[in-house]
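# Remarks on the overall topology
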Amino acid sequence: MNDQTRIISISPFSIAMYDAVYDLWQRCEGVGLSGSDSLQNIAAYLDRNPSMSFVATTGEHLVGAILCGHDGRRGYIHHLAVEENYRCCGIGRRLVERALSALRAEGIQKCHLFIFHKNEPGIRFWQKIGWTFRQDIRVMSTQIVEGNDL
Ligand SMILES: CC(C)(COP(=O)(O)OP(=O)(O)OC[C@H]1O[C@@H](n2cnc3c(N)ncnc32)[C@H](O)[C@@H]1OP(=O)(O)O)[C@@H](O)C(=O)NCCC(=O)NCCS
């Protein structure tokens, strides 16, 4: 990274950035993608949760993204990702802080996320920034419409 690329801006995730964000997600180990991440579904998610998801850019270049929303009582973060060459410079932390402030501004007091057991670097990141595991909860799911998208 040179000095120029150190200038990172955080701005709302607009659906116009979908292709670049999806490309980043695909390149990031630890981000689990499915049919629910289609252009149409992400557009619907951003419409339901305006100005809660963010991208990090340097110039025109996307280097990070976070999806965040709430259901009226709890917040949820999905698919936090930072381009490999830009990691450990505080971008992930900044994206999380922006998402949490957006939730706070909506009166949401707690936020959850899902992370793969095997994503040990990701777990270390979340723990470093103060997140803790729930010991009393496991995630359960069901398929509402037939398909392979659980
Ligand atoms: C997890 C991820 C988003 C972190 O982004 P990042 O921009 O590198 O994180 P930051 O630089 O803001 O890190 C914040 C702190 O956590 C530390 N940290 C980051 N990754 C870490 C890791 N793997 N292990 C230990 N500490 C880590 C940083 O050193 C920093 O500590 P500091 O405040 O003492 O300097 C990034 O590594 C990534 O995109 N991983 C792949 C996708 C992924 O797993 N996402 C999470 C899915 S839930």
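Structure: above.
Residues numbered from 1 in each chain as written. Predicted model: local features only at pLDDT ≥ 70, side-chain atom pairs only at ≥ 80, totals over all residues. Heavy atoms only, no water.

Among all positions in helix α4 (residues 120–128), only G122, I123 and W126 are buried. When α4 is viewed along its axis, its buried side chains cluster within an angular range of 100° and face the same direction. Residues of α4 that are exposed and angled more than 90 degrees away from the buried face: E120, P121, R124 and K128. Lining the buried residues of α4 we find β4 (75–82), α3 (91–105) and β5 (111–113). (Buried < 20%, exposed > 50% of the residue type's maximum accessible area, 1.4 Å probe, protein only. Helix = DSSP H or I, 4+ residues; strand = E, 2+ residues; numbered from the N terminus. Arc of directions from axis to C-beta. Contact = heavy atoms within 4.5 Å.)

A few words on the side chain of D37. Along the chain, D37 turns up in the loop between α1 (18–27) and α2 (39–48). For D37, the side chain forms a polar contact with the side chain of H79, separated by 2.9 Å. Excluding residues that lie within four positions of it along the chain, D37 makes contacts with Y18, Y22, W25, G32, I42 and H79. (Polar contact = N/O pair within 3.5 Å; in protein donor to acceptor, adjacent residues only side chain to side chain.)

Near the ligand you find 22 residues, and of these V82, C88, G90, R93 and K128 are the closest. A distance of 3.3 Å is found between a nitrogen atom of the ligand and a side-chain nitrogen or oxygen belonging to R124. A distance of 2.6 Å separates an oxygen atom of the ligand from a polar atom in the side chain of K128. Top element by residues in the shell around the ligand is α4. It accounts for five residues. (Near = heavy atom within 4 Å.)

This brings us to the nonpolar core. Generally speaking, nonpolar side chains in soluble globular proteins are found buried as a group. Core analysis: the largest hydrophobic core is formed by 22 residues, its most contacted members being I8, A56, I66, I77, I91, L95 and V96. Those elements that provide at least two residues to this core are β2 (54–58), β3 (61–70), β4 and α3. Looking at which element gives the most residues to this core, the answer is α3, with six residues. Dropping the residues within four chain positions of it, V96 is found in contact with I66, I77, L80, F125, W126, I129 and W131. (Core = buried A, V, L, I, M, F, W, Y, C linked by side-chain atoms within 4.5 Å.)

Let's shift gears to the side chain of E83. Topologically, E83 is positioned in the loop between β4 and α3. Take E83: its relative accessible area is 12%, and that puts it in the buried class. A distance of 2.4 Å separates the side chain of E83 from the side chain of R27, its partner in a polar contact. Contacts of E83, omitting those with residues within four sequence positions, involve L24, R27, H61, L62 and V63.

The next thing to look at is the pattern of salt bridges. Scanning the entire structure with this criterion turns up four salt bridges. With its nearest N and O atoms 3.1 Å apart, the salt bridge here joins R87 to E29. Linking R87 in the loop between β4 and α3 with E29 in the loop between α1 and α2, this pair joins segments that are 58 residues apart in sequence. Among the ionic pairs, R134 bridges to D136, the shortest N-O distance being 2.9 Å. (Salt bridge = Lys/Arg side-chain N within 4 Å of Asp/Glu carboxyl O.)

Here we take up the environment of I129. Locating I129 in the fold gives a position in the segment after α4. Through-space distance from the C-alpha of I129 to that of I15 is 28 Å; in sequence the pair is 114 residues apart. Every residue in contact with I129, bar those within four places of it in the chain, is listed here: R93 and V96.

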